[in-house]
Amino acid sequence: MVVILKKQVCVWYPILWGLILTLSEVASQNATLTLSSSPAPIKGLSNAAASKTLTVSGLSAGAFMAVQFHFAFSSEITGCGVFAGGPYWCAQDDVEIALHACMVKPSNISPSELAVFTKNAEAVMSIDPLSNLHHDRVYIFSGKQDTVVVPGVADKLETFYSIFVDSAGIKSVRNVSSEHAMPTNNYGNTCGYKGSPYINNCGYDGAFDALNHVLGGGLVRGTKPAARENLRDFSQVQFFPVSPPKIVGMDANGYVYVPKQCDTGETTCQLHVVFHGCEQGAYIINDTFAWNSGYNRHADANNLVILYPQAFPTELNPKVCGNLLEHVIRSLTIDYF
């Protein structure tokens with residue numbers, strides 16, 4: 001008999017679920033997230049757990065991951081920001097569907113059919129109850145010039161989410177002339193450029209807009225530059241007790257941005273997780289995405305801890321994508337892409 005554990009299906013899930021447990025269930029026992037460079041705890045992450053609010057976002061492959069994580073853990077997650085991503089179970093365990101329908105031929109995506117699968121996943125308890133999603137906040141961005149995940153995929157994502165989430169909680173942004181990239185207002189390539197590091201200066205602060213929406217509005221724009229010393233390594237090894245994380249496509253270290261007021265334990269801070277896209281992992285561009293994607297200065301201004309998990313290249317995932325078909329643990333019978 002195969003025992004299906006929803007929180008161990010994808011290789012991203014063990015590290016994030018391990019982190020959630022560290023924050024919310026084990027925090028009272030003084031468990032802490034270990035810095036790679038020092039055994040000192042990151043006190044702000046325990047504070048993030050105390051707020052009982054977890055939100056996620058991601059770009060491209062990381063956006064698909066954010067959607068998957070949202071549906072799998074809707075009892076813990078209250079908001080999801082999606083930059084160039086598509087619906088849950090979009091690829092249906094098929095590489096051809098992943099590379100075509102889910103990226104460039106959205107006419108082949110059926111939100112209603114995907115919703116049936118999603119409800120079946122709920123019925124066998126491989127994801128959290130879908131009723132958790134009703135009052136969540138969802139932000140969907142698609143660049144007008146995106147040729148990698150074309151805008152029509154975002155249309156299908158919005159239709160899909162509308163089946164489960166109150167339409168008042170969904171915000172879509174489609175008026176930015178961006179190629180396939182994280183849109184910022186102060187860093188990156190020109191807005192219509194397609195290429196590394198897939199961060200484009202479009203005069204639009206995507207990170208703030210996403211954070212502000214998924215966290216319910218009322219955030220303050222960070223006007224001061226982020227502090228370099230607040231972006232730190234943390235050990236992802238601690239969430240893989242059986243084998244090294246690189247075996248399953250996760251890097252040894254990730255990044256976490258901890259504002260000083262969160263680190264001291266004097267302020268209650270909320271946790272936001274950001275999944276990078278293809279060719280954006282530290283193995284390829286170091287901390288360029290974690291430092292320049294636009295989240296950190298708003299973290300300082302709004303008492304947010306920003307977690308940036310990091311993938312590692314494998315034979316099936318040489319571009320270090322946040323989550324693609326090959327990241328499914330094949331010994332189990334359900335995956336979520």
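Above this text is the structure in question.
Notes on the structure in this doc start here. Residue numbers here run from 1 along each chain, matching the order of that chain's written sequence. Side-chain atom pairs in this predicted model are given and counted only at pLDDT of 80 or more, local residue features only at pLDDT of at least 70, and totals for whole chains, interfaces and linings cover all residues. To get the side-chain values, all heavy atoms of the structure are used, and hydrogens and water are removed first.

Geometrically, the link from Ser196 to Pro197 is a cis peptide bond, its omega value of 5° lying close to zero. Among the secondary structure elements, Pro197 is positioned in the loop between strand E6 (189-190) and strand E7 (199-201). Positive phi values are uncommon outside glycine, yet Val320 reaches one of about 55°. Assignment of secondary structure puts Val320 in the segment after strand E11 (304-308). Since its relative accessible area comes to 0%, Val320 is described here as buried. Each helix is a run of H or I in the DSSP string that is no shorter than four residues. Each strand is a run of E no shorter than two, and both are numbered from the N terminus. Only protein chains enter the calculation, and the probe is 1.4 Å; a residue is then buried if its accessible area is under 20% of its type maximum, exposed if over 50%, and partly exposed in between.

The next subject is the state of the cysteines. In what follows, a disulfide is any cysteine sulfur pair within 2.5 Å. Tallied over the full model, the rule gives four disulfides. The disulfide that involves Cys90 links it to Cys102, with 2.1 Å between the sulfurs. An S-S torsion of about -115° defines the bridge between Cys90 and Cys102 as left-handed. Here Cys90 is found in the loop between strand E2 (77-83) and helix H4 (95-99), whereas its partner Cys102 is found in the loop between H4 and helix H5 (111-123), with 12 residues between them in sequence. Across this residue pair, the class does not change: Cys90 and Cys102 are buried.

Our focus in this paragraph is the side chain of Thr118. Here Thr118 lies in helix H5. Discounting chain neighbours no more than four positions away, the residues touching Thr118 are Phe71, Tyr88, Ile127, Leu130, Phe160 and Phe164. Between two residues, a contact is recorded if the distance between any of their heavy atoms is within 4.5 Å.

Okay, the pattern of salt bridges next. For salt bridges, the criterion is a side-chain nitrogen of Lys or Arg within 4 Å of an Asp or Glu carboxyl oxygen. On inspection of all chains with the given rule, the structure shows nine salt bridges. Between Arg297 and Asp205 there is a salt bridge, with the nearest N and O atoms lying 3.0 Å from each other. With Arg297 in helix H11 (residues 296-302) and Asp205 in the loop between E7 and helix H7 (206-214), the pair connects residues that are 92 residues apart, well separated along the chain. Here Arg297 falls in the buried class, since its relative accessible area comes to 15%. Here Asp205 falls in the buried class, since its relative accessible area comes to 7%. Here Asp263 ties to Arg232 by a salt bridge, and the two come within 2.7 Å at their closest N and O atoms. Here Arg232 lies in strand E8 (residues 231-235) and Asp263 lies in helix H8 (residues 260-263), a separation of 31 residues in the sequence. Judged by relative accessible area, Arg232 falls into the buried class, the value being 17%.

Before going further, it helps to spend a moment on the sheet that holds E7. A pair of strands is treated as paired once DSSP finds two or more bridges between them. Here we have three strands laid out as an open sheet, ordered E5-E7-E6, and parallel in their pairing. The sheet is open, and its two borders are formed by strand E5 (182-184) and E6, each paired with just one other strand. The pairing of E5 with E7 spans three bridges and is parallel. Bridge pairing links Met182 to Ile199 in E7.

Glancing now at the packing of helix H3 (residues 61-72) against helix H6 (residues 151-162). Where H3 contacts H6, the two axes come as close as 13 Å, and the packing angle between them is 5°. It follows that H3 is roughly parallel to H6 by the angle criterion. The segment H3 lies against H6, with Val67, His70 and Phe71 engaging Leu157, Phe160 and Tyr161. Following the grouping adopted for this structure description, the nonpolar residues are Ala, Val, Leu, Ile, Met, Phe, Trp, Tyr, Cys and Pro, the charged ones are Asp, Glu, Lys and Arg, and the polar ones are all others, Gly among them. Residues that form the contact of H3 with H6 fall into these classes: five nonpolar, one polar and no charged. Fitting a line to C-alpha atoms yields each axis, with helices limited to the stretch in contact; the angle taken between N-to-C directions then spans 0 to 180 degrees. Throughout this description, any angle smaller than 35 degrees is read as roughly parallel, any larger than 145 degrees as roughly antiparallel, any in the 65 to 115 degree range as roughly perpendicular, and the remainder as oblique.

Moving on, we come to the nonpolar core. Phe71, Tyr161, Tyr295 and Tyr308 are the most contacted members of the largest nonpolar core, which totals 89 residues. In terms of residue count, H3 provides more of this core than any other element does, eight residues in total. With residues up to four places along the chain from it excluded, the contact list for Phe71 reads Tyr88, Thr118, Ile127, Asp128, Leu130, Leu133, Phe160, Tyr161 and Phe164. Nonpolar cores were defined as sets of buried Ala, Val, Leu, Ile, Met, Phe, Trp, Tyr and Cys residues, with membership established by side-chain atoms within 4.5 Å.

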